[in-house]
Amino acid sequence: MIDKLTSIFSRVFFAVALLLLLFGVLDRVLGLFGWTLAWYHEPGRVLEFSGIMMTFVIGLLLRQIREELRKQKTTSE
């Protein structure tokens, strides 16, 4: 059960982080031409949020890897 939840959270966080990255880069490129998207935060701040979410995704993936290695270790003994 917990494996399914971490997998779902990991996928959702990854998708949201990619969307934030896309919007941040797009807003930064549009800013070069004098345009902007309607944001409450500047593009750099949106990229920071994306990086923070990616950090959580990496942590969840490392946890899943550790659990799989523990399962393999117990079954091999």
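Residues numbered from 1 in each chain as written. Predicted model: local features only at pLDDT ≥ 70, side-chain atom pairs only at ≥ 80, totals over all residues. Heavy atoms only, no water.

Caption draft 1: Spotlight on the side chain of Ser-10. In this structure, Ser-10 sits in helix α1 (residues 2–32). What makes Ser-10 buried here is its relative accessible area of 7%. The contacts of Ser-10, once residues within four sequence positions are left out, are Val-57, Leu-60 and Leu-61. (Helix = DSSP H or I, 4+ residues; strand = E, 2+ residues; numbered from the N terminus. Buried < 20%, exposed > 50% of the residue type's maximum accessible area, 1.4 Å probe, protein only. Contact = heavy atoms within 4.5 Å.)

Caption draft 2: A look at the side chain of Asp-27. Examined against the element boundaries, Asp-27 turns out to sit in helix α1. Apart from the residues within four sequence positions on either side, Asp-27 is in contact with Thr-36, Leu-37, Trp-39 and Pro-43.

Caption draft 3: Just the pattern of salt bridges, in detail. Under the defined criterion, the tally for this structure stands at four salt bridges. Among the ionic pairs, Arg-70 bridges to Glu-67, the shortest N-O distance being 3.9 Å. With Arg-70 and Glu-67 both in helix α2 (residues 43–76), this residue pair falls three residues apart, about one helical turn. Note on Arg-70: relative accessible area 47%, which makes it partly exposed. One network of salt bridges, in which partners are shared, links Arg-66, Glu-67 and Arg-70. (Salt bridge = Lys/Arg side-chain N within 4 Å of Asp/Glu carboxyl O.)

Caption draft 4: Up close: the environment of Phe-56. Structurally, Phe-56 can be placed in helix α2. When its relative accessible area of 52% is taken as the criterion, Phe-56 is described as exposed. Remark: the alpha-carbon pair of Phe-56 and Phe-33, spanning 23 residues in sequence, is separated by 34 Å.

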